Amino acid sequence: MPQASSPRPLLPLAAVIVTSLALAGGCRSASSLSVAAAPAPRTVPAHHVVPLPSSITPSAGPPVTFVAASRIVLAAGDPELDGVARLLAAALTPATGYAWPVVASTSAGAVPGAAPDITLALDAAVPGGRDAYRLDTTATGVRIVAATPEGVFRGTQTLRQLLPPAIHASAVQPGPWRVAPVSVTDAPRYQWRGAMLDVARHFFGPSQVKRYIDLLAFYKFNVLHLHLSDDQGWRIEILSWPRLATWGGSSSVKGDGSGFFTQAEYRDIVAYASARFITVIPEIDMPGHTNAALASYPELNCNDVAPPLYTGIEVGFSSLCVGREVTYRFVDDVVRELAALTPGPYIHIGGDEVKKLTAAEYAGFIERAQEIVARHGKRAIGWDEIAHARLAPTTVVQQWRVGKNGVADAGAAAVSAVAQGARLVMSPASKVYLDMKYTPSTVLGLNWAGYVELRDTYAWDPGALIPGVTDEHVLGVEAPLWTETIVTMSDLEVMVLPRLLAVADLGWTAQASREWNAFTARVAMHGLRWDAMGVSYYRSPQVEWMTVAPTLPRE
Ligand code: IFG
């Protein structure tokens, strides 16, 4: 249930009525309604889709009302779309109670049914890249077309958001399952739309990570960065160094948790993400943030003494012994095993907050770690400190630091990365660190980068934040959730919702189309969606949360 940490702002009745009519596309002016004197309804959006599509316009024609006989039809029977269709059927069946059979339009059974269908089709002519799609309501239902299965999948997320919030319930709801007449043409701004989950400070198991992946997929994210190791925990089984997980994974911050992914479990998470067109990027943070590894193997320590497991939340005190060759055998073994588990192109080598090495020792380690990653066929990504090393041309730099006086003075690493020709993933802590408290009264989270409410996360431009860093240097955005204070799935959900929707718009929507009031008006319905999903969230007072789902009038 939602965390009602702020009073529930009730939506004026008039706004609900106007919302309903607007959705039907048949809205007369509010003045023709005989409503009691109510406060003037705020701008009521014709839809609540997040991220905002490139173009979404109400179209002529009646709403589409799905019924029990409705099907998911694969035009020309594209078998590549079968997986996308089955995921959509699985998303629609619980609340509708309909079977949603997946049929190939060429098969005998697929004569134009009396019931409206969802048609999925591939068409190489659809412009805009691999995530682009078109979605249109038609006389036979809803049609989603894209050049790739990934684009069709993104379009199915938009369709889910055009259906009433009750569609997300896990038990049959009364319906009706209507989609207002609409025409959508869509493609993203950035190719890197990511979230990071720190499973090292506190471990989150496979089912919890998959639940987060479901949320990320719903908002068109395509990268999940898993922070698999740190001072307090090592969370991935490494066959050649087994104590990393068995001992290094036996504790957590405050010692109140433990755990690690077996390689089979990790493969399963990667496959689950891949089916939803999300690329998993594993991070082994080094040479710092390594106490769990150092505690597991004495030979990794310069004095051959393994330190105790660490349950605090200090940073910067640990480092691999960069002068020892065994360290590079360790790194090579870990990277080799991780690369075999990683269909995606990137391995994250961390590189943040190293206080125990000289600049030369640090740069030397980063350069060797980079070479090891390349030797195993992957590209390196690291936190922005790695810009002080010589970067390979394919290495990506993740910008995160914010200075005491704003981003500018900590942007130096990002600017030097760009000077080396590297491209950036923007993760400025004062904007998108989802472990930052919303306000001083937020129980969970930290506040070293300031208080981060929904508007702080929304109101900035990744291509214009740091002087010297312009849009062509930016691959996209990524929102980290560090888990020093985050223990349960509900904790996680409260910290990421609603700010994840701001990150979704940042990554997907053109800067010129992004406007705060229109954004919050769209966010307003998503609380009802999260209620139906049974996920927790923070009812930010910056949003006039809808309390009643609008219903479309009969066509
Ligand atoms: N900085 C540390 C994280 C985590 C974070 C908490 C980075 C790259 C503070 N490093 O952010 O390990 O402790 O907000």
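Preceding this section is the structure that the text describes.
The sections below set out a description of the structure shown in this document. Counting restarts for each chain: residues are numbered from 1 in the order of the written sequence. With pLDDT at 70 or above as the cut-off, local features in this predicted model cover only qualifying residues; side-chain atom pairs require 80 or more to be listed or tallied, and sums for whole chains, interfaces and linings still use all residues. Heavy atoms from the whole structure form the basis of all side-chain values; hydrogens and water molecules are not counted.

## Looking at the overall build of the protein
Helix and strand assignments come from DSSP, with helices taken as H or I runs of at least 4 residues and strands as E runs of at least 2, each series counted from the N terminus. Of the regular secondary structure elements, the protein holds 16 helices and 17 strands. Classification of the 555 residues of the protein by burial places 60% in the buried group. Long-range contacts, defined as pairs at least 24 residues apart, comprise 76% of the intrachain contacts of the protein with a sequence gap of at least 6. Entry remark: accessible area of the protein is about 20,100 Å², with carbon and sulfur atoms responsible for 59%. The cut-offs for exposure are 20% and 50% of the maximum accessible area for each residue type, with area from a 1.4 Å probe on protein chains only; residues under the lower value are buried, those over the upper are exposed, and the others partly exposed. We call two residues in contact whenever any of their non-hydrogen atoms come within 4.5 Å of each other. Exposure was quantified through the Shrake-Rupley algorithm and a 1.4 Å probe, taking into account, for residues, occlusion by the shown protein chains and nothing else.

## Overview of the site of the ligand
Taken together, 14 residues surround the ligand, and among them Asp 352, Tyr 433, Asp 435, Trp 448 and Glu 484 come closest. Distance and chemistry together define a polar contact, namely a pair of N or O atoms within 3.5 Å, with one atom able to donate a hydrogen and the other to accept it when in protein, and with adjacent residues in sequence counting only for side-chain atoms on both sides. With respect to the ligand, the side chain of Asp 435 contributes an N or O atom lying 2.6 Å from an oxygen atom. In this structure, an oxygen atom belonging to the ligand sits 2.8 Å away from a side-chain N or O atom of Trp 448. Computed on the free molecule, the ligand has an accessible area of 350 Å², of which 96% lies beneath the protein chains in the complex. Any residue with a non-hydrogen atom lying within 4 Å of a molecule or strand is treated as near it.

## So, the packing of aromatic side chains
Think of it this way: a Phe, Tyr or Trp ring, Trp meaning its six-membered ring, pairs with another when their centres are within 6.5 Å, and the plane angle makes it stacked under 30 degrees, edge-to-face over 60, tilted otherwise. Counted according to the given criterion, the structure contains 25 aromatic pairs. Relative to Trp 100, the ring of Phe 66 lies with its centre 5.3 Å away and its plane at 70°, an arrangement referred to as edge-to-face. Placement of Phe 66 in strand β2 (residues 64–66) and of Trp 100 in the loop between α2 (82–96) and β4 (102–104) is noted, with a sequence separation of 34 residues between them. With a relative accessible area of 1%, Phe 66 lands in the buried category. Given the relative accessible area of 2%, Trp 100 is considered buried. Seen in terms of ring centroids, Trp 400 and Trp 448 are 6.1 Å apart; in terms of plane orientation they differ by 75°. Their pairing is edge-to-face. Taken as a pair, Trp 400 in the loop between β15 (396–399) and α10 (412–419) and Trp 448 in the loop between α11 (429–432) and α12 (454–458) lie far apart in primary sequence, 48 residues in all.

## Quick notes on the pattern of salt bridges
Salt bridge, as applied in this entry: a Lys or Arg side-chain nitrogen positioned within 4 Å of an Asp or Glu carboxyl oxygen. Following the criterion strictly, the structure yields 23 salt bridges and no others. Across the pair Glu 484 and Arg 201 runs a salt bridge, and its minimum N-O distance is 3.4 Å. Of the two residues, Glu 484 sits in the loop between β17 (474–481) and α13 (489–496) while Arg 201 sits in the loop between β10 (192–198) and α4 (206–218), which places them 283 residues apart along the sequence. Under the relative-accessibility criterion, Glu 484 is labelled buried at 11%. A relative accessible area of 2% places Arg 201 in the buried class. Connected via shared salt-bridge partners are Arg 130, Asp 131, Glu 150, Arg 154 and Arg 193.

## Overview of the environment of Val 494
By the secondary structure assignment, Val 494 is in helix α13. Its relative accessible area of 11% is what places Val 494 among the buried residues. With 60 residues separating them along the chain, Val 494 and Leu 434 place their C-alpha atoms 9.6 Å apart.

## As for the state of the cysteines
Working definition: a disulfide is two cysteine sulfur atoms within 2.5 Å of each other. Summed over all chains, the structure comprises one disulfide. Between Cys 302 and Cys 321 runs a disulfide, and the two sulfur atoms are separated by 2.0 Å. The sign of the 105° torsion about the S-S bond sets the Cys 302-Cys 321 disulfide as right-handed. One end of the pair, Cys 302, is in the loop between α7 (291–296) and α8 (325–340); the other, Cys 321, is in the loop between α7 and α8, with 19 residues separating them in the sequence. For Cys 321, a relative accessible area of 5% translates into the label buried.

## Comments concerning helix α14 (residues 499–508)
Counting buried residues along α14, 10 of its 10 residues qualify, which places the element largely inside the surrounding structure. Turning to α14, its buried residues number three or more, namely Arg 499, Leu 500, Leu 501, Ala 502, Val 503, Ala 504, Asp 505, Leu 506, Gly 507 and Trp 508.

## Quick notes on the sheet that holds β10
Read around the closed barrel, eight strands run β10-β11-β12-β13-β14-β15-β16-β17, paired in parallel fashion. With strand direction ignored, the average angle separating the axes of adjacent strands in the sheet is 30°. At least two bridges found by DSSP between two strands are what make those strands a pair. Here β10 pairs with strand β11 (residues 223–229) via five bridges, running parallel. The partner of Leu 197 across the bridge, within β11, is Leu 226. Every axis corresponds to a line fitted to the C-alpha atoms, with the helix fit spanning only the stretch in contact, and the corresponding angles, defined between N-to-C directions, vary from 0 to 180 degrees. Strand contacts of α8: β11, β12 (279–286) and β13 (346–350), with the helix running at about 170° to β12, the strand carrying the most contacts.

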